[in-house]
Amino acid sequence: KRLNMLIQKCKYILVLFSIFITTMVLAQHTIDLSTVQPDTAYDNILVKKTYSDTNVTSFIIWVKHDVKSHKHLSHTENIKIIEGTGEMTVGKETFLIKSGDFFVVPPNTFHTVKVTSTTPLKLISIQSPNFNGEDRIFEEKQ
């Protein structure tokens, strides 16, 4: 009788473990960024959402020329440059960006970019919390 109970417990643990492993494997989402290319024609900016939940939204973005100065009222934006070069302004600081660079744009901070390479700038933008586009405010230049 004890052996049967032990076998039942082992089966139960094995089933739970199998469910856990399956969930972990299926929950992983890997993207080879070097192979991701635009899937449609675009004039200046193309945005492709790669993931979103209540806490975060991530995008792959291509920029051919520039992004107008704007801010996000309540979002922190983490940016990683994948390809290309540019001149980035965050707040009052302007700096050159290139493949491999990473920086953070705090909430309520104007930021803009001008592409300096012949190839489009390709970047990852990770915004938290979830970004639905409603808090983007463009700077009015006088």
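It should be noted that the structure appears before, not after, this text.
This section reports on the structure supplied with the text. (Residues numbered from 1 in each chain as written. Predicted model: local features only at pLDDT ≥ 70, side-chain atom pairs only at ≥ 80, totals over all residues. Heavy atoms only, no water.)

Thoughts on the overall build of the chain
- Per the secondary structure count, the chain includes one helix and 10 strands.
- Its helices and strands taken in sequence order, the chain reads α-β-β-β-β-β-β-β-β-β-β from the N to the C terminus.
- Expressed as a percentage of the 142 residues in the chain, the buried residues total 30%.
- Restricting the contact set of the chain to residue pairs at least 6 apart, pairs at least 24 apart contribute 65%.
- With an accessible surface of roughly 9800 Å², the chain has 59% of that area assigned to carbon and sulfur atoms. (Helix = DSSP H or I, 4+ residues; strand = E, 2+ residues; numbered from the N terminus. Buried < 20%, exposed > 50% of the residue type's maximum accessible area, 1.4 Å probe, protein only. Contact = heavy atoms within 4.5 Å. Areas by Shrake-Rupley, 256 points an atom, 1.4 Å probe, with all protein chains shown as cover.)

Examining the pattern of salt bridges
- Applying the stated criterion across every chain, the model contains three salt bridges.
- Between Asp101 and Lys98 there is a salt bridge, with its nearest N and O atoms 3.1 Å apart.
- In this structure Asp101 comes out as buried when scored by relative accessible area, which is 19%.
- Classification of Lys98 by relative accessible area gives partly exposed; the value is 47%. (Salt bridge = Lys/Arg side-chain N within 4 Å of Asp/Glu carboxyl O.)

What to know about the pairing of strand β9 (residues 121-128)
- Along β9, six of the eight residues are buried, which leaves the element largely enclosed by surrounding structure.
- Here seven bridges tie strand β2 (residues 57-63) to β9, and the two strands are oriented antiparallel to one another. Within β9, the residue paired with Ser58 across the bridge is Ile126.
- Two elements, strand β4 (residues 76-83) and β9, share seven bridges in a ladder whose sense is antiparallel. Along β9, the bridge assignment pairs Asn78 with Ile126. (Pairing = 2+ DSSP bridges.)

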